[in-house]
Amino acid sequence: MRIDIISAQPNLLESPFNHSIVKRAKDKKLVEIHLHHLKDYALNQYGQIDDYQYGGGAGMVLMCEPIAKCIDQLLEERNYSDIIYLTPDGALFNQSMANQLSLSENIILLCGHYKGIDQRIRDLYITKEISIGSYVLSGGELAAAIVTDAIVRLIPGVLGNEESALTDSFQDELLAPPVYTRPAEFKGLKVPDVLLSGHFKNIEEWRMSESERLTKEKRPDLLK
Ligand code: ADE
């Protein structure tokens, strides 16, 4: 899979992709992540990529030309199944969207900044709009990092068997059960006996009932 990320602040994205699971996926050549700096597609020698909004109002808007130039160049090189704009007014990101996107061959993620992007880019190029939550970030970069992380860990071969994504929270519309490691007792709190029993079937049943209990308690909306 290949993910191209277009951003006015690509430096914000360097750390999340150079550690842990995403780094491992890149090292194993299971994903390629390419960052594109909008400034490299600027309108003029001053590096202009944004301008005041028509009609007045606070905040700058990312201009059409630099974004279009960058996307057009990518589209000349290969096909993309989706060109996704990260925006607080997009569809709320969830596990089933991550599952679906992880099957893509090539996608583009476009990060907004300041007041956002010129509406005509949305009209002409964007195939999906994604929000990571009902709050406003300074830009789409952190949202792009989150979406990328959620997708990449689902690509077959990225996680080992022992850390399979199939047992994640949300994968079956349930929250994951509690987990414990050594010591067997900590500050008077004991690991549930069943987990020490070695009885595989009882352990599975306990995990399922804990998942159901926690989901009912914390996220009853998932059970509907
Ligand atoms: N850009 C700014 N806020 C955002 C959000 N909540 N989700 C996705 N992109 C954003």
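Calculation criteria
- Residues numbered from 1 in each chain as written.
- Predicted model: local features only at pLDDT ≥ 70, side-chain atom pairs only at ≥ 80, totals over all residues.
- Heavy atoms only, no water.
- Helix = DSSP H or I, 4+ residues; strand = E, 2+ residues; numbered from the N terminus.
- Buried < 20%, exposed > 50% of the residue type's maximum accessible area, 1.4 Å probe, protein only.
- Core = buried A, V, L, I, M, F, W, Y, C linked by side-chain atoms within 4.5 Å.
- Contact = heavy atoms within 4.5 Å.
- Salt bridge = Lys/Arg side-chain N within 4 Å of Asp/Glu carboxyl O.
- Polar contact = N/O pair within 3.5 Å; in protein donor to acceptor, adjacent residues only side chain to side chain.
- Near = heavy atom within 4 Å.
- Areas by Shrake-Rupley, 256 points an atom, 1.4 Å probe, with all protein chains shown as cover.
- Nonpolar A, V, L, I, M, F, W, Y, C, P; charged D, E, K, R; others polar.

A. Summary view of unusual backbone geometry. Here the bond from R182 into P183 is cis, since omega is 5°, no more than 30 degrees from zero. Take P183: it is sitting in the loop between α5 (141-152) and β8 (185-186). Phi angles above zero are rare outside glycine, and E173 is one such case at about 65°. Following the sequence through the fold, E173 ends up in the loop between α5 and β8. A relative accessible area of 45% means that E173 is categorised as partly exposed. At K187, a position not held by glycine, the phi torsion is positive, near 50°. Take K187: it is sitting in the loop between β8 and β9 (189-190).

B. Main features of the nonpolar core. In terms of nonpolar packing, the biggest core is built from 32 residues, with I5, F93, L109, I130 and V152 touching the most fellow members. Residue contributions to this core peak at 7 residues, all from α5. Excluding its chain neighbours within four sequence positions, the residues that come into contact with V152 are I3, V22, A25, V31 and V158. If you look at the next biggest cluster of nonpolar residues, it comprises 22 residues, including Y41, Y85, I108 and Y125.

C. View of the pattern of salt bridges. Within the structure shown, the criterion is met by 14 salt bridges. The salt bridge involving E205 is made with K201; its shortest N-O contact spans 3.2 Å. With E205 and K201 both in helix α7 (residues 200-218), this residue pair falls 4 residues apart, about one helical turn. Note on K201: relative accessible area 54%, which makes it exposed. Each of R2, D4 and E32 takes part in one network of salt bridges that share partners.

D. Examining the side chain of D4 more closely. Looking at where D4 falls in the secondary structure, it is placed in strand β1 (residues 2-7). A polar contact is formed between the side chain of D4 and the side chain of Y80, at a distance of 2.7 Å. Not counting residues within four places of it along the chain, the set of residues in contact with D4 comprises H34, H36, L74, R78, Y80, I107, I108 and L109.

E. Molecular detail of the environment of P88. Looking at the element boundaries, P88 is found in strand β5 (residues 82-92). Look at P88 and you get partly exposed, because its relative accessible area is 48%. Between the C-alpha atom of P88 and that of G112, which follows or precedes it by 24 residues, the distance is 9.9 Å.

F. Looking closely at the site of the ligand. Near the ligand you find 13 residues, and of these T87, I132, G133, Y135 and L137 are the closest. A distance of 3.0 Å is found between a nitrogen atom of the ligand and a backbone nitrogen or oxygen belonging to I132. Here G133 contributes a backbone N or O atom positioned 3.0 Å from a nitrogen atom of the ligand. In isolation the ligand offers 260 Å² of accessible surface; the protein chains occlude 96% of this area. Of all the secondary structure elements, the ones that give two or more residues to the shell around the ligand are β5 and β7 (128-131). The dominant element in the shell around the ligand, judged by the number of residues it contributes, is β5, at 3 residues. Class assignment of the residues belonging to the shell around the ligand gives a composition of 8 nonpolar, 5 polar and no charged.

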